[in-house]
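Fold and contact review
Residues per chain, in single letters:
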Amino acid sequence: MCSIPRPRRRTTRLWALLAALTALLIAAPAAAAGPFDTRLAIDLVPGPSGSEPEGFASYGGQLYFGATDGVLGTELWRTDGITATLVKDINPGAAASTPYLAGTQAAAFDGFLYFSAFDGAGGRELWRTDGTTTERVHDVVPGVGSASPEWLTVAGGQLYFRAFHPDYGSELYRTDGRTLTRFEIRPGRADGYPSSLVAFGEAVYFSANEGVTGREVWRVRRGLLQQVADIEPGAREGEPQSFEPLGGHLYFTASTSATGRELFRTDGTTTQLVRDIRPGAVGSEPYSYTAFAGRLWFHANDGVRGDELWRTDGTTTALAHDIAPGAAGSEPSDFTVAGGRLYMTADDAVHGDEPWSTDGVTTALAADVNPGARGSSPDDLTAVGERLFLLAEDGTHGEEPWIVDGSSAALAADVLAGFQGSDPSDPAALGDGLVFSANDGVHGRELWRSAPAAPPVSPPPPSPGPAPAPAPRPGVARDRAVRVTLAGRRLALSRRWTVRLRVACPAAEATGPCRGTVSLRTRGRVRHRGKRRVVTLTSARFAVPAGRSALVTLTLPRSSRALARRSAAARRVSAVAVVRDGAGNRATVTRPLTLTLPRAGRAGRGR
């Protein structure tokens, strides 16, 4: 008889433990390599009201932005991430100049940062600053009228922009900082309305309508205004959009009656269809062009796979990855290059809307910030060195800043502890980190900074006692708080597409009532009118006496009803209350909510 030895139970348990630990390490997302330190950078308005910083533009190693210090209105400031300096009180006193600095509303040119602002006397016009001298450059509309310059673009050693004049409509202008030139695309008071300005070669390209051929591709090259191509001959327009250069060509989206909206390109001489991705008159609607790894990446719908990730080198145009197999599509968007990878947001129908990335060959989920099918609705993807910064909601902390490093993600900071979230916005790179605005529930909406953590240092010796509180600045009261409370977690839409939100004004409010507006906006970007965007569904005014609460009725307009009916993501909203009191204090309060649709058969589609 042969005896079989019993297995050693201790060894078996050890191997089982090691296997479990290995599986846990593989499954658990690692913290992003190298710690990041995220903290309040500058408290311009001490107390809960906040300075409401917005619209960051990079110039001279600093960020310029609009904010209020509680005494002046929204004016031009700058920061190095450590201190903030008032650049100029353009509209003196408590009135605001509200400088526009985000995206194509500002441009660095010839030693200055150009932007638009309102000085209270000359309307909204073109301004510039070098950090020391801040001045109006041109008064396009003399007197109190506003030119409202937009699409500031540097091309061929000149600054181009669109501006309005009551005698000429919205047309193209050019300046060298001294002389102003107007290009009258459409003679008379009708608008040529140039849009999507982009520098290509020594020219500026854009779309415009001269009133005969419709909206087509135009350029100014060596001072000469020219139509580059009439893509859809006749009065029907090609509607070119989303210009992006790659190699010796400028790629864009345009429409013909035969192809629908498809991918085109021009070298300035020849303009051609790159590929009819969705054959027929419907069109694939390609957008979000981003150059990466020698190709142009974008999303498009071929009519079979839904809206998915595509790429082209100008010769071969092909599907890069079918992230959500089937006809629904993953709707990739917010393309951002960081650390040798192209990041985007996409919904694979398993993880919900989450960050994805590709190295040009392999496309994969970058991080599952909110495990499950709901997704984290990532937004405002921003490159920070080799890493990616984004705003997302993990189901526990509300919307907060996150850092993604390759295939791992880490919460940068729980700015407002709890499930509500700090509603961060406007991230902008600065040095080896970035700044953004957020509301921690204590300081109001202020400037925050996220940067690689400094090495530890020895603690200072104990303080002999508490330092005296700093004296308030002249003209600024010590107590400048106002706040309201928004109640509820879930709001039911009535058959008339209305909801009622309870707003409470605290009894401690000395200069009530609490007045303001409350709006419902989607927590993440949703597809609406051809683009992915944060959508404000509805808004209403309120006035609540101190120590009381009131139900505010909000009604969804038709466009919002259709969106809420179609998209579950659009029903996950933030209630945003902008409140003020009799003393002039201001605050922004947010609360995440979920809308539920009216009962089937009761909500009229036409209502």
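Quick look at the structure, then. (Residues numbered from 1 in each chain as written. Predicted model: local features only at pLDDT ≥ 70, side-chain atom pairs only at ≥ 80, totals over all residues. Heavy atoms only, no water.)

**Points about the state of the cysteines**
Rules: When two cysteine sulfur atoms are found within 2.5 Å, that pair is recorded as a disulfide. Using a 1.4 Å probe on the protein chains alone, a residue whose accessible area is under 20% of its type maximum counts as buried, one over 50% counts as exposed, and one in between counts as partly exposed.
For the structure shown, the criterion picks out 1 disulfide. Between the sulfur of Cys-505 and that of Cys-514 lies a disulfide, 2.0 Å long from S to S. Because the sign of the S-S torsion sets the handedness, a value of about 55° for the bond joining Cys-505 and Cys-514 places this disulfide among the right-handed ones. Cys-514 shares its class with Cys-505; the two are buried.

**A short note on the environment of Tyr-193**
What counts, and what does not: Runs of H or I in DSSP of at least four residues are treated as helices and runs of E of at least two as strands, each being numbered from the N terminus. Working rule for contacts: check all heavy atoms of both residues, and any pair within 4.5 Å makes them a contact.
Relative to the helices and strands, Tyr-193 resides in the loop between β13 (180–183) and β14 (195–200). Judged by its relative accessible area of 35%, Tyr-193 falls in the partly exposed class. Taking the C-alpha atoms as reference points, Tyr-193 and Asn-209, 16 residues apart in sequence, are found 6.8 Å from one another. With residues up to four places along the chain from it excluded, the contact list for Tyr-193 reads Arg-162, Ser-170, Ser-207, Ala-208 and Arg-215.

**Examining the side chain of Glu-446**
Threshold: By the criterion applied in these results, polar contacts are pairs of N or O atoms within 3.5 Å in which, for protein atoms, one can donate a hydrogen and the other can accept it, and in which residues neighboring in sequence qualify only through two side-chain atoms.
Its place among the elements puts Glu-446 in strand β36 (residues 445–452). A distance of 3.2 Å separates a polar side-chain atom of Glu-446 from the backbone nitrogen of Leu-44. Those residues within four positions of Glu-446 in sequence are excluded, and the remaining contacts are Leu-40, Ile-42, Asp-43, Leu-44, Val-45, Gly-50, Ser-51, Pro-53, Phe-436, Ser-437 and Ala-438.

**Topic: the pattern of salt bridges**
To keep it simple, the criterion reads: The rule for a salt bridge is simple: a side-chain nitrogen of Lys or Arg has to be within 4 Å of a carboxyl oxygen of Asp or Glu.
Across all of its chains, the model carries 16 salt bridges by this definition. For Asp-119, the salt bridge goes to Arg-136, with nearest N and O atoms at 3.6 Å. A residue pair is termed long-range when its members are at least 10 positions apart, and Asp-119 in the loop between β7 (112–118) and β8 (124–129) and Arg-136 in strand β9 (residues 134–138) qualify at 17 residues. Among the residues examined, Arg-136 registers a relative accessible area of 35% and is labelled partly exposed. In this structure, Arg-162 and Glu-150 form a salt bridge, with 2.8 Å as the shortest nitrogen-oxygen distance. Linking Arg-162 in strand β11 (residues 158–165) with Glu-150 in strand β10 (residues 150–155), this pair joins segments that are 12 residues apart in sequence. Beyond isolated ion pairs, a larger network of salt bridges with shared partners links Asp-119, Arg-136 and Asp-139.

**Details of unusual backbone geometry**
One can expect most non-glycine residues to show negative phi and most peptide bonds to be in trans. The omega torsion of the bond from Gly-512 to Pro-513 falls at 5°, within 30 degrees of zero and hence cis. You can see Pro-513 is positioned in the loop between β39 (498–504) and β40 (514–522). We note that Ala-349 has phi near 70°; this positive angle belongs to a residue other than glycine. Phi angles above zero are rare outside glycine, and Asp-423 is one such case at about 50°. Within the secondary structure, Asp-423 is located in the loop between β33 (408–411) and β34 (425–430). Relative accessible area serves as the criterion here: at 10%, Asp-423 is assigned to the buried category.

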